[in-house]
Amino acid sequence: MKKVKWGVIGAGGIADRRTIPGMMLANNAELVAVMEVNPEVAEKLRAKYDAKYAYTDAFELIANPEVEAIYIASPVTYHKDQVIAAAKAGKHILCEKPIAMTVEEAEEIQKICDDCGVKTATGFMMRYHAYHKKMHDLIAEGALGQVVSARAQLTCWYPEMQGAWRQKKALSGGGALIDMGVHCIDLIEYITGGRTVKTVAFNDTKTFGYDVDDSSNVLIKLDNGVTGYVDSNFNIPDAAAKCRMEFYGTRGSIIAEGTIGQVEGGKIEVVVSEAGGYDADQNRNEVAPMEINVEFGNMYTKEIESFSNSILNDAPIEIPMSDAVHIQKVVRAAYESSDKGVCVDVD
């Protein structure tokens with residue numbers, strides 16, 4: 001089978017923990033080059049994954065003619081220049097979220113990539129979770145009837161640390177919301193099939209001393225009538241985090257626990273109950289949950305295989321960069337809402 005030759009910019013961090021190991025399992029991808037600013041780290045990663053090249057300069061990796069596609073996992077502040085350089089070099093691009101510091105940068109990146117004719121995708125890998133796909137299918141089939149509300153949460157413990165770029169607004173563009181809340185917003189939209197059109201938010205730094213939000217609570221209104229609630233935090237211990245997701249409709253509900261995260265797992269409960277007559281006593285008769293069977297895998301492997309397949313066979317891109325541009329607009333509206341204390345329309 002033909003394989004896409006990949007280079008990875010920002011090969012430490014999440015790339016080393018999750019994405020590259022997932023890439024190594026992909027049947028249509030081959031890692032040929034890694035880049036990290038520290039030369040010892042770059043060489044260590046090259047040897048660890050048996051890659052052909054190690055770089056300390058992203059643009060040298062981009063210039064390598066053997067590299068056909070690039071995964072960008074560097075700090076957000078560098079995304080714009082790296083994506084544009086890769087696009088102009090004719091490389092296909094999978095960029096981590098958020099794809100840029102601002103909406104304007106994101107739109108510029110998207111236009112240049114389109115003009116250069118390269119394929120682009122975004123790292124919302126949680127869409128590939130088997131349970132999330134099943135939830136999407138159940139709602140699309142009408143199992144819950146009219147979906148009226150949704151909730152998603154993603155939290156962790158992220159104390160002040162020297163050199164942590166996600167804790168510096170100049171490098172990340174924001175905190176818990178832009179780093180983790182975006183996954184929740186994207187999942188609510190994907191699973192329900194809607195797009196956010198309005199938002200009200202409260203973003204705060206309650207616990208730590210860094211200059212980004214460690215607490216975010218966002219209410220979103222989707223164009224399909226669903227109202228969603230998203231909470232994301234850097235100040236809740238990992239052992240206490242349940243990372244729940246809930247969907248409620250006129251015929252039933254889906255409640256998931258532990259499905260939002262970096263490992264495909266968790267559990268879901270699906271209850272479908274035909275609407276009956278009005279009951280003033282609101283008796284909640286027990287209904288047996290549906291039996292849901294899925295096969296777990298590696299979300300990062302699925303992500304790489306999917307985009308590689310789009311490159312090799314011109315298959316539709318499952319998570320296009322345009323989706324990330326839209327989510328960036330939702331995030332901008334949420335930060336504006338919190339700053340001004342008003343409801344904000346999403347452009």
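Reading the values: rules and limits
Throughout this document, residue positions are counted from 1 along each chain, in the order its sequence is written. Only residues with pLDDT of at least 70 get local features here, since the model is predicted, and only at 80 or more are side-chain atom pairs given and counted; chain-wide, interface and lining totals rely on the full set of residues. Values shown for side chains rest on all heavy atoms present in the structure; no hydrogens or waters enter the calculation. The numbering of helices and of strands both runs from the N terminus, where a helix is a DSSP run of H or I of at least 4 residues and a strand a run of E of at least 2. Radius of gyration here is computed from C-alpha atoms only, and the compact-globule reference equals 2.2 Å multiplied by the residue count raised to the power 0.38. Only protein chains enter the accessibility calculation, which uses a 1.4 Å probe; a residue whose area is less than 20% of its type maximum is buried, one above 50% is exposed, and one in between is partly exposed. Pairing between two strands requires that DSSP report at least two bridges joining them. Fitted lines through C-alpha atoms serve as axes, helices being fitted only where they are in contact, and the angles separating the N-to-C directions of these axes extend from 0 to 180 degrees. Salt-bridge detection follows one rule: a side-chain nitrogen of Lys or Arg within 4 Å of a carboxyl oxygen of Asp or Glu. Classification of ring pairs rests on two measures: the distance between centres of Phe, Tyr or Trp rings, Trp counted by its six-membered ring, which must be within 6.5 Å, and the angle between planes, read as stacked under 30 degrees, edge-to-face over 60 and tilted in between. Roughly parallel means an angle under 35 degrees; roughly antiparallel, over 145; roughly perpendicular, 65 to 115; everything else is oblique. Put simply, a crossing is left-handed when the front helix is turned counterclockwise from the back one by less than a right angle, and right-handed when it is turned clockwise. Should any heavy atoms of two residues lie within 4.5 Å, those residues are considered in contact. By the convention adopted, Pro, Cys, Tyr, Trp, Phe, Met, Ile, Leu, Val and Ala count as nonpolar, Lys, Arg, Asp and Glu as charged, and the other residues, Gly among them, as polar.

Caption draft 1: Looking closely at the overall build of the chain. Scanning the chain from N- to C-terminus turns up ten helices and 14 strands. The C-alpha radius of gyration computed for the chain amounts to 21 Å, which stays within 12% of the reference 20 Å derived for 347 residues, consistent with globular compactness. Each principal axis of the C-alpha distribution contributes one length, and for the chain these read about 70 × 50 × 40 Å. Among the 347 residues that make up the chain, the fraction classed as buried is 54%.

Caption draft 2: Structural context of the sheet that holds strand 4 (residues 69-72). With parallel pairing, six strands are arranged side by side in an open sheet as 3-2-1-4-5-6. This sheet does not close on itself; its edge strands, each paired only once, are strand 3 (53-55) and strand 6 (120-122). Neighbour-to-neighbour, the strand axes of this sheet turn through a mean angle of 25°, independent of strand direction. Looking at chain direction, strand 5 (residues 92-95) and strand 6 are connected through three bridges and run parallel. Of the residues in strand 6, the one forming a bridge with Leu94 is Ala121.

Caption draft 3: Broad picture of the pattern of salt bridges. Applying the stated criterion to the full structure yields 20 salt bridges. Where Asp231 meets Arg151, a salt bridge forms, and the shortest distance between an N and an O atom there is 3.1 Å. On the criterion of sequence distance, the pair formed by Asp231 in strand 10 (residues 227-233) and Arg151 in strand 7 (residues 147-155) is long-range, its members being 80 residues apart. Of the charged contacts in the structure, one is a salt bridge between Arg244 and Glu257, with a shortest N-O distance of 2.9 Å. Taken as a pair, Arg244 in strand 11 (residues 244-249) and Glu257 in strand 12 (residues 252-257) lie far apart in primary sequence, 13 residues in all. Overall, the relative accessible area of 23% leaves Glu257 in the partly exposed class.

Caption draft 4: Molecular detail of the packing of aromatic side chains. Inspection of every chain in the model, using the stated rule, returns seven aromatic pairs. With 4.9 Å between their ring centres and 70° between their planes, Tyr158 and Phe234 make a pair best called edge-to-face. Of this pair, Tyr158 sits in the loop between strand 7 and helix 7 (169-172) while Phe234 sits in the loop between strand 10 and strand 11, and the two are 76 residues apart along the sequence. Between Phe208 and Tyr210 the ring centres are 5.4 Å apart and the planes differ by 35°, which places this aromatic pair in the tilted class. Ring pairs connect the aromatic residues Trp157, Tyr158, Phe208, Tyr210 and Phe234, which therefore count as one cluster.

Caption draft 5: Main features of the packing of helix 8 (residues 176-192) against helix 10 (residues 321-340). The interhelical angle for the contact between helix 8 and helix 10, taken along N-to-C directions, is 120°, at an axis separation of 10 Å. Accordingly, the angle class assigned to the pair helix 8 and helix 10 is oblique. In this structure, helix 8 crosses over helix 10, and the sense of that crossing is right-handed. Mapping the contact onto sequence places Leu177, Ile178, Val182, Ile185, Asp186 and Glu189 in helix 8 and His326, Ile327, Gln328, Val330, Val331, Ala334 and Tyr335 in helix 10. Across the contact of helix 8 with helix 10, the residue classes break down as nine nonpolar, two polar and two charged.

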